[in-house]
Amino acid sequence: MADFISDLDFYQLDELLSPEDRMTRAAVRQFVQREVTPHVEKHFADSTFPLELIPRLAEFGVFGANLKGYGCAGMNNVAYGLIMQELEAADSGLRSFASVQSALAMYAIYAWGSEEQKNRYLPLMAQGKLIGCFGLTEPDHGSDPGGMETRARKDGHGWILNGMKRWITNGSIADLAVVWAKIDQGITGFIVEKGAPGFSTRDIHGKFSMRASITSELFFDDVRLDAGAQLPAARGLKAPLACLTQARYGIAWGAIGAARTCYQCALDYTRARKQFSRPLAGYQLVQNKLVNMLTEITKAQLICLRLGQMKDAGTMRPEHVSLAKRNNVQMALDIARTARDMLGANGIVNEYPVIRHMLNLETVNTYEGAYDVHTLILGRDITGIGAFD
Amino acid sequence: MKILVPVKRVPDPATTIRVLPDGSGIATDNVKWVINPFDEIAIEEALRIKEKQGSGEVVLISVGQTAWQEQLRTGLAMGADRAILVKADTPLDTLAIARAIAKVASDEKPELIIIGKQAIDDDSNQIGQMLAEMLGWPQATFASKVELAGEKCTVVREVDGGLETVAFPMPAVITTDLRLNEPRYASLPGIMKARKKPLNEIAVDSLGVDLAPKLKIKTLNAPEKRQAGRKVASVEELVQVLHTEAKVI
């Protein structure tokens, strides 16, 4: 596969990044170029996750990179976003793995766990020695997680967990699952370790999207949990939603990476391929498409950089993330579809990365708050009227 | 053991280089800068020696402008202990740069200087050899394997048509070839640590060495565009053309 990992900095945003931010991006980009892109097409074709990359990414410090302490790198949020961008320039599945490990599983323990839970799990998760997954979505409750049917009931000092979760990234390879369930007082979170009696997983096959990523169902059949398995600070739906805000933040950045790869591929292809008397890129219709792509990517970059600054300053609200996730992923999907079209017949084969990104982005547009749900979140924010409850 | 590694800032090899219309240099807008890849190999080798010995210090040195700090920080993020930027506001020629590094080396007294065999921008392949001469130290250029035992160093060199093994006492200068090692990536915790590592600046004028240019770049030209290939109708014609036109058989 040709290498379309590139730089795209039309508005010289690099000048607004710190040297550490640039160094971080350069290091991750180099890693991705050398160790990921040469193999990713085969993983997608075979529907396998590149497990061999886990220790390498851990050594690099990718997992929980923006968390402080517990063996995490403690990067700022712009640098963290740039990492997500470079990972997704290779494949959305790789970025999803890193998002679930870092922003969902690790962050849940970091934000809502006891000191004992943090010390027990976070350093090993940062080292990639423990893989986490995040069980919120259920077969009948996607955009409406508050309707979840998974329940935990008190049993002496511990709990008995029953229910099922679906569309869980990393589910069957995870050593621990952060599982959200209803108790009498409302929603709370539990850490369920692999091998707990009554806990089983099954992978979802037949995906046309995110093939280089593992997606599973989790089943809990009278799973007995110690009192220490509960995340003590996790009370109510706001706890898992806070984790989603972290993940969506990374997705907003990641989408730029996927869009950039598709744009670069379409640009190179149309400059090289001649039809009639000139390169395709010499036709006005093609230039119009390329210029629209450049414009949209540049706007997305500006949104993310500012969002990262606000996150670091502590002024970012979940609605700010909704706008970025909604815009950037739709933008990336549009660019991938257009690039697919511009490559003609070559756009349907895996000799080029475009159709893979296009298929992946269908998932990215759906998960972590579908496009329409973010529309409703923003609609509620500006009108003061909730349209979905 | 203290190891000094000179580092040069060069355009990213993936960058498309454009020569300025007047031939005085290359266009530097939109150019990404990186550590010279051969110097990166030198940093890696120095770090491996330090890790193997369990102690020591890896010191980076650059002769250039303030912006060169970025490449020194990258080297610190890979694991080097500290860096020295000899600040020169105008570009210097090879001899002046070697003199500046030799002066700092005579103060720092490293046991080894490890440096890339050449920089990928001007390919001049001179600094290592000049340093050895100025310091009066042995040199082993184009190293593909380095082994240390006590005061002695053994280096396998890549020479035309084979390998040559040389042994010499330290202090010494080693220049690195492509196959010596595969440099590590700057890790994210490494990048965080690099922020706090010392990076000292010295004005080149304060070193008291002769900086007068001996070399003048008269003009730079872009390589000529490759001609398109041509199809021949038969094997006979191919052999004919290779013989009469290309003159290779």
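Our structure's up above, just so we're on the same page.
Source: prediction; values computed, not measured. (Residues numbered from 1 in each chain as written. Chains lettered and ligands numbered in written order. Predicted model: local features only at pLDDT ≥ 70, side-chain atom pairs only at ≥ 80, totals over all residues. Heavy atoms only, no water.)

## Thoughts on the sheet that holds strand S11 (residues 199–203) of chain B
Residue and element names in this part refer to chain B.
At step 1: The sheet built from nine strands is open, its strands ordered S9-S8-S7-S10-S6-S1-S4-S5-S11 with mixed pairing. Taken across any chain shown, the strands that pair with only one partner, and hence form the sheet edges, are strand S9 (162–169) and S11. On average, each strand axis in the sheet is inclined to that of its neighbour by 30°, with strand direction left out of account.
At step 2: The pairing of strand S4 (residues 57–64) with strand S5 (residues 82–87) spans six bridges and is parallel. Paired with Gly64 across the two strands is Lys87, which belongs to S5.
At step 3: The sheet contacts of helix H2 (residues 69–78) involve S4, S5 and S11, and relative to S5 the element is tilted by about 165°. (Pairing = 2+ DSSP bridges. Helix = DSSP H or I, 4+ residues; strand = E, 2+ residues; numbered from the N terminus. Axes fitted to C-alpha atoms, helices over the stretch in contact; angles between N-to-C directions. Contact = heavy atoms within 4.5 Å.)

## Section: the environment of Arg48(B)
Residue and element names in this part refer to chain B.
At step 1: Positionally, Arg48 belongs in helix H1 (residues 37–53).
At step 2: Note: C-alpha distance between Arg48 and Met78 (30 residues apart in sequence) is 11 Å.
At step 3: Among the polar contacts listed, one links the side chain of Arg48 to the backbone oxygen of Glu182, at a separation of 3.3 Å. (Polar contact = N/O pair within 3.5 Å; in protein donor to acceptor, adjacent residues only side chain to side chain.)

## Describing the interface of chain A and chain B
At step 1: In this assembly, 22 residues from chain A lie in contact with 15 residues from chain B.
At step 2: Approximately 1,600 Å² of surface area, both sides summed, lies buried where chain A meets chain B, with 61% of it carried by carbon and sulfur atoms.
At step 3: Considering only the surface of chain A that becomes buried against chain B, Glu20(A), Met23(A) and Phe60(A) emerge as the three largest contributors, covering 37% of it.
At step 4: Inspection of the chain A/chain B interface yields three salt bridges.
At step 5: Note that Asp14(A) and Lys32(B) form a salt bridge whose closest N and O atoms lie 2.8 Å from each other.
At step 6: Secondary-structure elements contributing two or more residues to the side of chain A that touches chain B are helix H1 (19–46) and helix H2 (53–60) of chain A.
At step 7: A total of 10 residues in the side of chain A that touches chain B trace back to one element, the largest contributor, which is H1(A).
At step 8: Across the side of chain A that touches chain B, the residue classes break down as 10 nonpolar, four polar and eight charged. (Buried area = accessible area lost by both parts, 1.4 Å probe. Salt bridge = Lys/Arg side-chain N within 4 Å of Asp/Glu carboxyl O. Nonpolar A, V, L, I, M, F, W, Y, C, P; charged D, E, K, R; others polar.)

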